[in-house]
Amino acid sequence: MTSSTAFSGNPVLRVPPTSPAAAAAHFSASLAFHADVSDVAAALAAAREGGAAGPGFVVVDSRSTESWDQGHVPGALHLPTALVAAQAPLLLDRAVPVVTYCWGPGCNGATRAALALAELGYQVKEMLGGFEYWVREGFPFETWRGDDRRAADPLTAPVGTDDCGC
């Protein structure tokens, strides 16, 4: 029996998995392009608590002003995607990595902003889950009315611990 015959009835394996080496290269590259919401929150908190000058990166919210006012990551820089080319050189240091975010997994605004920043010579990662998962994981956020925070959604964040074990 050939490998294609073994996989033919299984929709998951209809296209066989790639080699372990190719998978390692892919997932390593993915981690170089993406940051997890929890990791961003932990790095920002550690910088605040440790009195450090910063976390070693800047967070950029690429959404509209109306979206920014509705809520954003504390300490983020508001730089809508359409303004990246004109304003990034005035607001960002090319020596400091950038983490972009937009609404959530259904929006590619952070991807477009990351592309625009990379084309300008910035080191950039996209925050997976965007603002939606920031809020859903129970992290504090700022609105035009002031600070806010919602209870963590048990489908997206661990209950009773800060560590999801990932």
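Structure shown above.
Chains are numbered independently. Their residues run from 1 in the order of the written sequence. Under the rules for a predicted model, residues below a pLDDT of 70 receive no local features and side-chain atom pairs below 80 are neither given nor counted, while totals for whole chains, interfaces and linings still include all residues. To get the side-chain values, take all heavy atoms of the structure and skip hydrogens and water.

Caption draft 1: Structural detail: the overall build of the protein. Secondary structure elements follow DSSP: runs of H or I no shorter than four residues count as helices, runs of E no shorter than two count as strands, and numbering proceeds from the N terminus. From N to C terminus, the protein includes 7 helices and 7 strands. For the protein, the sequential pattern of α-helices and β-strands runs α-α-β-α-β-α-β-α-β-α-β-α-β-β. Each principal axis of the C-alpha atoms in the protein carries an extent, and together these give about 65 × 40 × 30 Å. Per-residue burial over the protein gives 33% buried out of 166 residues. For the protein, restricting intrachain contacts to residue pairs at least 6 apart in sequence, the fraction spanning at least 24 positions comes to 60%. Throughout this description, buried means an accessible area under 20% of the type-specific maximum (1.4 Å probe, protein chains only), exposed means over 50%, and partly exposed covers the range between. Here, two residues are considered to be in contact whenever any of their heavy atoms come within 4.5 Å of each other.

Caption draft 2: Fine view of the nonpolar core. Only buried residues count toward a nonpolar core. Its members are Ala, Val, Leu, Ile, Met, Phe, Trp, Tyr and Cys residues joined through side-chain atoms within 4.5 Å. In this structure, V40, L44, V59, V73, Y101, M127 and W134 are the most contacted members of the largest nonpolar core, which totals 18 residues. Contributing elements (two or more residues each) for this core: helix 3 (37-49), strand 4 (98-101) and helix 7 (130-136). Beyond its immediate sequence surroundings of up to four residues, L44 is in contact with P55, F57, V59, V73, P74 and W134. Core analysis: the second largest hydrophobic core is formed by 12 residues, L92, A116, Y122 and V124 among them.

Caption draft 3: How the structure looks around the pattern of salt bridges. One speaks of a salt bridge when a side-chain nitrogen belonging to Lys or Arg is within 4 Å of a carboxyl oxygen belonging to Asp or Glu. All chains considered together, the criterion is met by 3 salt bridges. Residue D61 pairs with R63 through a salt bridge whose shortest N-O separation is 2.6 Å. Taking the relative accessible area as the measure of exposure, D61 reaches 0% and is therefore buried. Taking the shortest distance from any N to any O, the salt bridge between R136 and D153 comes out at 2.6 Å. Taken together, the positions of R136 in helix 7 and D153 in the segment after strand 7 (146-148) put the pair 17 residues apart, joining distant regions of the chain. Through salt bridges with shared partners, one network takes in E132, R136 and D153.

Caption draft 4: Spotlight on the sheet that holds strand 3 (residues 77-78). Paired strands, as defined in this entry, are two strands with at least two bridges between them according to DSSP. Taken in spatial order, the 5 strands line up as 1-5-4-2-3 in an open sheet, and their pairing is parallel. Bordering the open sheet on either side are strand 1 (34-36) and strand 3, each of which pairs with just one other strand. As paired strands, strand 2 (residues 58-61) and strand 4 are joined by 4 bridges and run parallel to one another. Looking at strand 4, one finds that V60 is bridged to T100. Its contacts with the sheet put helix 3 on strand 1, strand 2, strand 4 and strand 5 (124-128), and the angle it makes with strand 1 is roughly 70 degrees. Comment: axis = line fitted to C-alpha atoms, over the contacting stretch for helices; angle = value between 0 and 180 degrees taken between N-to-C directions.

In short, geometric facts, not functional conclusions.
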